[in-house]
Amino acid sequence: MKIISVVGARPNFMKVAPFIHTINAYNREHPNSVVHLLVHTGQHYDDRMSKSFFEALNIPDADINLGIGSGTHAEQVGLSMIELEKVFVVEKPDWVVVFGDVNATMAASVSAKKLHIKVCHVEAGLRSGDMKMPEEINRLVTDRLSDLLLTPDRLSIENLKAEGASDNRIRFVGNIMIDTLESNRAKAESLVINEIIGNNQIESSDITNFDLISQFAVMTLHRPSNVDHKEVLEPLVNFLVDEIAEKLTIIWAVHPRTQKQLKAFNLWDKVAESKNIYLVHPLDYHSMLKLNMQAKIMLTDSGGLQEECTVLGTPCLTMRWNTERPITLREHGGASVLVGNNIERIREEFNQTLSTPRKPERPELWDGHTAKRCLEAILFYKG
Ligand code: UD1
């Protein structure tokens, strides 16, 4: 059997890693059973957004990198489709496997399906209901086209069924990202927080004294809805600097999009000059995991971090109005609460959450063995 996995952006890398390791293990027991090729569209190309994850998670270099880089959504998806089609025509895989909800996920599923190649979607069935999110469009299109829908939880199964997906296309496999978390816990644990900050500090943040941090918040922010409009980002920044940072040290891992926007809106200096905010580059996998393990609280608009917080028990303020991952919310047993970008709401939940103890939760099948179930679903698929 020949499988091509397609990845493009940071959140894909921690999902493809256990899948590739599982294929390698399977091939050791059943020599030459699965031929696997890894294709990277190149949407994320910085060392910190891409290469560092390949290295840290032992992902082999991509067999093919399409180098599409940045661009509008149509440019990214269109260019990826054109190049992926060429790869699929030459390589003739039995399956194309896609992960999550980034532009590469949708581009690959459309190109493959039009060539009558079977498509498997890992992380199927998540829905935010928010059609303004590019990821929601990617999720809907990919799931509509996929032959095999591998879901991380039971809520996702209900979403797929409500859209008419038949039972034989759906398999509940659990959360593949947790495979990566579990196999990297020990290494992350061994890191030293001050060194993480020191090694990743953004030059212009002008902070010299980063020892003795015992309690801190970790923050990431990159959604267009939070960072692309000055009228949203400016009050958020003012609130962070003037209120939150006064109560708790913030370690902010700044996404390239966000750095660009903070500078464009003349907000960068205000954050950089705050003595209690440590601005760091996008972090490698183990560094972020270590911070998450120790953080008093997480402030984020990332999907993956919501899930990791649930398993680690880190209280998480999700700076969005909706989530495609409701299983991470407190009402479903998780560690996260939706606060959007409303200052009042963030303040209220922040103060309340500061006194909330850690409460690790393990949703069903988030057990570190999801990749094996994914591969089995493909190998034993009966169409
Ligand atoms: C993408 C994903 C999003 C995911 C996020 C994680 C889609 C639709 N979105 O959003 O779901 O949560 O990745 O990071 O696929 N840039 C760099 N260096 C890079 C990559 C990007 O500087 O290596 C810059 C680009 O020039 C661009 C900005 O960062 O201006 C945003 O990158 P883009 O790939 O458009 O989307 P993300 O916001 O990263």
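Attention here is on the structure that accompanies the text. (Residues numbered from 1 in each chain as written. Predicted model: local features only at pLDDT ≥ 70, side-chain atom pairs only at ≥ 80, totals over all residues. Heavy atoms only, no water.)

Here's the deal with the overall build of the protein
Helix and strand content of the protein: 16 helices and 13 strands. Over its C-alpha atoms, taken along the principal directions, the protein stretches across nearly 60 × 40 × 40 Å. Counting the 383 residues in the protein, one finds 59% classified as buried. Counted over contacts in the protein with a minimum sequence separation of 6, partners at least 24 positions apart contribute 69%. With an accessible surface of roughly 15,800 Å², the protein has 51% of that area assigned to carbon and sulfur atoms. Considering the protein, the positive charge centre built from 42 side chains and the negative charge centre built from 50 side chains are found 4 Å apart. (Helix = DSSP H or I, 4+ residues; strand = E, 2+ residues; numbered from the N terminus. Buried < 20%, exposed > 50% of the residue type's maximum accessible area, 1.4 Å probe, protein only. Contact = heavy atoms within 4.5 Å. Areas by Shrake-Rupley, 256 points an atom, 1.4 Å probe, with all protein chains shown as cover. Lys, Arg positive; Asp, Glu negative; His and termini not counted. Charge placed at Lys NZ, Arg CZ, Asp CG, Glu CD.)

Details of empty space enclosed by the protein
Tallied over the full model, the rule gives 1 cavity of 30 Å³ or more. Roughly 40 Å³ of volume is contained in the largest cavity. Considering the residues around the largest cavity, the lining is formed by Val122, Glu123, Leu150, Pro152, Val173, Gly174, Asn175 and Ile176. In the lining of the largest cavity, the residues fall into 5 nonpolar, 2 polar and 1 charged. (1 Å grid on protein atoms, 1.4 Å probe; cavity = no way out; pocket = protein on both sides within 12 Å on 5 of 7 lines; lining within 4 Å. Points joined across faces, edges and corners; volume = space filled by probe spheres on them. Nonpolar A, V, L, I, M, F, W, Y, C, P; charged D, E, K, R; others polar.)

With respect to the site of the ligand
Around the ligand there are 21 residues in total, and His44, Asp46, Ser70, Glu135 and Lys260 lie nearest to it. His255 places a side-chain nitrogen or oxygen 2.9 Å from an oxygen atom of the ligand. Computed on the free molecule, the ligand has an accessible area of 750 Å², of which 89% lies beneath the protein chains in the complex. Contributions of two or more residues to the shell around the ligand are made by helix H1 (10–29), helix H3 (73–91), helix H5 (134–145) and helix H11 (256–264). Top contributing element to the shell around the ligand by residue count: H11, with 3 residues. (Near = heavy atom within 4 Å. Polar contact = N/O pair within 3.5 Å; in protein donor to acceptor, adjacent residues only side chain to side chain.)

Let's talk about the environment of Thr142
Within the secondary structure, Thr142 is located in helix H5. Between the C-alpha atoms of Thr142 and Glu348, which are 206 residues apart in sequence, the distance is 37 Å. Contact partners of Thr142, with chain neighbours within four places excluded, come to Val98, Thr105, Met106, Ser109 and His121.

Description of the pairing of strand E9 (residues 249–253)
Of all the 5 residues making up E9, 5 are buried; the element is thus mostly covered by neighbouring parts of the structure. Burial along E9 is two-sided: the residues Thr249, Ile251 and Ala253 and Ile250 and Trp252 are all buried. Across 4 bridges, strand E8 (residues 216–220) lies against E9 in parallel orientation. Looking across to E9, one finds that Met219 is bridged to Trp252. The pairing of E9 with strand E10 (residues 277–280) spans 4 bridges and is parallel. Looking across to E10, one finds that Ile250 is bridged to Ile277. (Pairing = 2+ DSSP bridges.)

Examining the sheet that holds strand E5 (residues 118–122)
Taken in spatial order, the 7 strands line up as E3-E2-E1-E4-E5-E6-E7 in an open sheet, and their pairing is parallel. Across the chains shown, the open sheet's two edge strands, defined by having one partner strand only, are strand E3 (64–65) and strand E7 (170–172). Pairing of strand E1 (residues 2–7) with strand E4 (residues 95–99), which is carried by 4 bridges, proceeds in the parallel orientation. In the sheet register, Ile3 faces E4, and the bridge partner there is Trp95. Helix-sheet contacts for helix H16 (residues 370–379) involve E1, E4, E5, strand E6 (148–151) and E7, and the interaxial angle to E6 is about 160°. (Axes fitted to C-alpha atoms, helices over the stretch in contact; angles between N-to-C directions.)

Quick notes on unusual backbone geometry
Unusually for a residue other than glycine, Asn58 sits at a positive phi of about 55°. Among the structural elements, Asn58 can be located in the loop between helix H2 (47–56) and E3. When its relative accessible area of 60% is taken as the criterion, Asn58 is described as exposed. Notably, Lys92 is not glycine yet its phi reads approximately 45°, a positive angle. For Lys92, the location among the structural elements is in the loop between H3 and E4. On the accessibility criterion, Lys92 (61% relative accessible area) is exposed.

A closer look at the nonpolar core
Ile3, Phe19 and Ile59 are the most contacted members of the largest nonpolar core, which totals 41 residues. Filtering out sequence-adjacent residues up to four positions away, Ile59 remains in contact with Phe13, Val16, Ala17, Ile20, Leu38, Phe53 and Phe54. (Core = buried A, V, L, I, M, F, W, Y, C linked by side-chain atoms within 4.5 Å.)

Structural notes on the layout of surface pockets
Taken as a whole, the largest pocket encloses approximately 1,200 Å³ of empty space. Taken together, 50 residues line the largest pocket, and the ones lying closest to its centre are Arg10, His44, Met49, His222 and His255. Put simply, the parts of the chain that give the lining of the largest pocket at least two residues each are H1, H2, H3, H5, H11, helix H13 (285–294) and helix H14 (303–312). In the lining of the largest pocket, the residues fall into 19 nonpolar, 17 polar and 14 charged. Reported here for the second largest pocket is a volume of approximately 270 Å³. As for the second largest pocket, its lining consists of 14 residues, of which Asp130, Lys132, Met133, Arg223 and Ser225 are closest to the centre. At the level of secondary structure, the elements contributing two or more residues to the lining of the second largest pocket comprise H5 and helix H9 (224–227).

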